[in-house]
Amino acid sequence: MTSIDPSQPIPIYYQLKSLILEEIARGRYQPGSRLPTEMELCELYGISRTPVHRALAELADEGVVLRQRRRGTFVNPHWVPRRGDGTEMRVVVSEPRLAAHVAAANLPGVDINVATVDYTDLRRTLIAAVAEGRAPDLAIIDEVWIAEFADYGFLLPLDELDQEWVETEYAADFVPAFVEGRVLRGHVYAVPEEINVAGLWCNRSMLSAAGLEPPRTWDELRSAAESTRELVPGGNYPLVMPGGHVAGETTTYCLLAVLASNGCSIIDNGIRLDDSGCVEALRLLRSFVDDGLMSGDTVTFEWDRAPQLLGAGRAAMAVGGSYEAATVAASAGIPLREVWDEFVFVPFPGGPRGAPATVAGGMVYAIFRQSADPAKAMHLLRYLVETERLATRSVGLPTIPPRKAAIDLIGPSSPFVAETSGLFSTSVIRPGLSSYSMISTQLQNMLESILTGRHRPAAAAERAADVLAAITGLSVQHSSDL
């Protein structure tokens, strides 16, 4: 097939899909190369966008192509069969800068083949690859997927591959929150590639103009929002945050920091989402909407919308992650190295039952059970997380290396690393349960219903707690003083 014939009984989308597969097989589109855009394919074959979109979507679902946000659609370099010489090491990462970092690894006898998958598609893509027997050797995953992937049997315990390294380097030098909080059934399944924390970004000049320091309590946060309301352009709000399912895991990440600031853990010997501390935190967020300090439209924000508004001077404060520094800088039109001069990142202010709090998270390296050479994959993992390599990669980037020695090495020359790594003492981590993805979705739905006014905070929390209990099998620990 060299063209599309609308007169044929075969659907147009299927003709296009078959044609693209043929072009890949013939070598017109090489592994890792970019396909024409949807509009270019429409013009090339004289068809509408609907069948083009469906053809590419099905190819993505089948693992033939990878769709990268704002970059295009690429032939999956892992879709073609492995080479037979035993040197190929397949690695999946979540962003281009990581791909470049991994691809630059220089190990004798190792030919690294890197595929980049957007974070929003990463979990689904990896699960599909395992189901089809083509999982990578090594992959970057979100640390909250460790329990799920380990329970499914996707991952190899790293301590079984190299117990000495796990004991002498990982346990001794990596950030304790991850070492202590991500051990499952006595095994280590993943090693952090970087660490970030969720908290509160503030515009220094706006706070200074209002005569304020970064807030440390809920009362100070409200005062800062009220005092800076007139400093943001009309139609905007002093406080912003991701507030619904559109922003996905970023919404959950930020919400957990707010809850932690009032001493609330959603899972602690049962489901505690409708405890007084949690409901108070949810009421706080709703009150910001009611008082015109935060927009209810926050539920429509994508994950990077809040830092964009902050950087552009259209908000004074934004609940978000430390990893958003690059987005803030780009929106402010300043070099990343200057972001710390104009903005400050602090824990989310403490509530009446708690203290200023952050949530620590990050992406991790994990070795898949389907790896063609687990020992070689472990060798590559050790190489990628060496102290000097982690420190060098963090220079000029909004990333915190996960090794204490790397933080000490880069801290004196990086205010960002020095300041944000100091927040680990206020950090909690997300629940390490195999059902976390479903838990996260329910938390996003709950917050969205509160911010839009569909449900009152107490009712929304109680309803979500019951759903989480059904998901996890844990009992709901109802509060008695709401």
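## A word on the overall build of the protein chain
Right, on to step 1. Within the protein chain one finds 22 helices and 15 strands.
Right, on to step 2. A compact globule built from 482 residues should have a C-alpha radius of gyration of about 23 Å, and the protein chain, at 24 Å, falls within 12% of that.
Right, on to step 3. Buried residues in the protein chain amount to 56% of all 482 residues.
Right, on to step 4. Long-range pairs, those at least 24 residues apart, make up 70% of the contacts in the protein chain between residues at least 6 apart in sequence.
Right, on to step 5. Here the protein chain displays about 19,600 Å² of accessible surface, and carbon together with sulfur accounts for 50% of that area.
Right, on to step 6. Here the protein chain contributes 41 positively and 59 negatively charged side chains, and the mean placements of these two sets differ by 4 Å.

## A closer look at the packing of helix 13 (residues 276-290) against helix 22 (residues 457-472)
Right, on to step 1. Contact geometry for helix 13 and helix 22: axes closest at 9 Å, N-to-C directions at 130 degrees. Regarding the angle of helix 13 to helix 22, the classification is oblique. Crossing of helix 13 over helix 22 shows right-handed handedness. From helix 13, V279, L282, R283 and R286 reach across to helix 22, where they touch P457, A458 and A461.
Right, on to step 2. Partitioning the contact of helix 13 with helix 22 into residue classes produces 5 nonpolar, no polar and 2 charged.

## Quick word on the sheet that holds strand 14 (residues 363-367)
Right, on to step 1. Spatially, the 5 strands line up as an open sheet ordered 4-3-5-14-8, and their pairing is mixed. Of all strands in the sheet, those with a lone pairing partner are strand 4 (111-116) and strand 8 (191-192), marking the two edges.
Right, on to step 2. Relative to strand 4, strand 3 (residues 88-93) runs parallel, the two being bridged by 6 bridges. Counted as the bridge partner of M89 is I112 from strand 4.
Right, on to step 3. Across the sheet, helix 5 (residues 119-131) is in contact with strand 3, strand 5 (138-142) and strand 14; its angle to strand 5 comes to roughly 120 degrees.

## Observations concerning the environment of G234
Right, on to step 1. Positionally, G234 belongs in the loop between helix 11 (218-228) and strand 10 (239-240).
Right, on to step 2. Under the relative-accessibility criterion, G234 is labelled exposed at 72%.

## Regarding the pairing of strand 12 (residues 343-346)
Every other side chain in a regular strand lies on the same face of the sheet, so the side chains alternate between the two faces.
Right, on to step 1. On strand 12, burial covers both faces: F343 and F345 on one face and V344 and V346 on the other are all buried.
Right, on to step 2. Of the pairings in the sheet, the one linking strand 9 (residues 196-203) to strand 12 comprises 4 bridges and is antiparallel in character. Within strand 12, the residue paired with W201 across the bridge is F345.

## Some details on the nonpolar core
Right, on to step 1. Of all hydrophobic cores here, the largest spans 115 residues; its most connected members are I141, L259, L273, L381 and M446.
Right, on to step 2. Residue contributions to this core peak at 8 residues, all from helix 13.
Right, on to step 3. Beyond its immediate stretch of four places on either side in the chain, M446 contacts L255, L273, L282, A460, A461 and A464.
Right, on to step 4. Membership of the second largest hydrophobic core comes to 28 residues, among which are F178, V240, A318 and F343.

## Some points on the environment of R83
Right, on to step 1. When you line up the elements, R83 lands in the loop between strand 2 (72-75) and strand 3.
Right, on to step 2. Through-space distance from the C-alpha of R83 to that of E38 is 31 Å; in sequence the pair is 45 residues apart.

## A few points about the pairing of strand 13 (residues 358-361)
Right, on to step 1. Of the two faces of strand 13, both are covered, the one formed by T358 and A360 as well as the one formed by V359 and G361.
Right, on to step 2. Bridge count for strand 13 against strand 15 (residues 427-429) is 3 bridges, and the pairing is parallel. Each residue of the ladder has a partner; that of T358, found in strand 15, is S427.

## Points about the environment of V258
Right, on to step 1. Assignment of secondary structure puts V258 in helix 12 (residues 249-260).
Right, on to step 2. C-alpha of V258 to C-alpha of G351: the two residues are 93 residues apart in sequence and 8.8 Å apart in space.
Right, on to step 3. Setting aside its immediate chain neighbours within four residues, V258 contacts A281, L285 and F348.

## Some thoughts on the state of the cysteines
Right, on to step 1. Using the criterion set out here, one finds 1 disulfide in the structure.
Right, on to step 2. In this model C264 forms its disulfide with C278; the gap between the sulfur atoms is 1.5 Å. With C264 in the loop between helix 12 and helix 13 and C278 in helix 13, the pair connects residues that are 14 residues apart, well separated along the chain. Here the two residues C264 and C278 agree in accessibility, since each one is buried.

## Quick look at unusual backbone geometry
Right, on to step 1. The backbone of R185 shows a phi angle near 50 degrees, a positive value even though the residue is not glycine.
Right, on to step 2. By secondary structure assignment, the location of R185 is in the loop between strand 6 (183-184) and strand 7 (187-188).
Right, on to step 3. Residue classification places R185 among the exposed residues on the basis of a relative accessible area of 55%.

## Things to note about helix 12
Right, on to step 1. Between the first and last C-alpha of helix 12 there are 16 Å, a value that for 12 residues agrees with the 16 Å anticipated at 1.5 Å per step.
Right, on to step 2. Counting buried positions along helix 12 yields 12 of 12 residues, so the element is predominantly enclosed.
Right, on to step 3. Among the residues making up helix 12, those that are buried are E249, T250, T251, T252, Y253, C254, L255, L256, A257, V258, L259 and A260.

## A few points about the pattern of salt bridges
Right, on to step 1. Enumeration over the complete set of coordinates arrives at 32 salt bridges.
Right, on to step 2. A salt bridge links E58 to K17; the nearest nitrogen and oxygen atoms lie 2.9 Å apart. One end of the pair, E58, is in helix 3 (residues 49-61); the other, K17, is in helix 1 (residues 12-26), with 41 residues separating them in the sequence. Comparing E58 with K17, the two get one shared label, buried.

## Overview of the side chain of D173
Right, on to step 1. Residue placement: D173 occurs in helix 8 (residues 163-173).
Right, on to step 2. Within the structure, D173 has its side chain in polar contact with the backbone nitrogen of A405 (distance 3.2 Å).
Right, on to step 3. Beyond its immediate stretch of four places on either side in the chain, D173 contacts T387, P402, R403, K404 and A405.

What counts, and at which threshold
Numbers given for residues are sequential positions, taken from 1 along each chain in its written order. Whole-chain, interface and lining totals are the exception, using all residues; otherwise, since this is a predicted model, local features are given only for residues with pLDDT of at least 70 and side-chain atom pairs are given and counted only at 80 or more. Each side-chain value is worked out from all heavy atoms of the structure, with water and hydrogens disregarded. Only DSSP runs of H or I with at least four residues qualify as helices, and only runs of E with at least two residues qualify as strands; both kinds are numbered from the N terminus onward. With C-alpha atoms as the basis for the radius of gyration, the globule rule is written as 2.2 Å multiplied by the number of residues raised to the power 0.38. Each residue is assigned to one of three classes by its accessible area relative to the maximum for its type, calculated with a 1.4 Å probe on protein chains only: buried under 20%, partly exposed between the two thresholds, exposed over 50%. The contact criterion used is simple: two residues touch if any of their non-hydrogen atoms lie within 4.5 Å. The protein chains shown are the only cover counted for residues, whose accessible areas, like all others here, come from Shrake-Rupley with a 1.4 Å probe. The charge count treats Lys and Arg as positive and Asp and Glu as negative. His and the chain ends do not count. For this purpose, a charge sits on NZ of Lys, CZ of Arg, CG of Asp or CD of Glu. Note on geometry: axes are lines fitted to C-alpha atoms, helical ones only across the stretch in contact, with angles between N-to-C directions running from 0 to 180 degrees. Comment on the angle field: the value is read as roughly parallel under 35 degrees, roughly antiparallel over 145, roughly perpendicular from 65 to 115, and oblique elsewhere. Here is the rule for handedness: rotate from the far helix to the near one, and if that takes an anticlockwise turn smaller than a right angle the crossing is left-handed, while a clockwise turn gives right-handed. Residue classes follow a fixed rule: Ala, Val, Leu, Ile, Met, Phe, Trp, Tyr, Cys and Pro count as nonpolar, while Asp, Glu, Lys and Arg count as charged, and any other residue, Gly among them, counts as polar. Strand pairing requires that DSSP identify at least two bridges connecting the strands. We call a set of buried residues a nonpolar core when its members are Ala, Val, Leu, Ile, Met, Phe, Trp, Tyr or Cys and they connect through side-chain atoms within 4.5 Å of each other. Disulfides are defined as cysteine sulfur pairs within 2.5 Å. A helix is expected to span 1.5 Å for every residue after the first. Salt bridges are identified by distance alone: a Lys or Arg side-chain nitrogen within 4 Å of an Asp or Glu carboxyl oxygen. We call two N or O atoms a polar contact when they sit within 3.5 Å, provided that within protein one can donate a hydrogen and the other can accept it, with sequence-adjacent residues counted only if both atoms are side-chain atoms.

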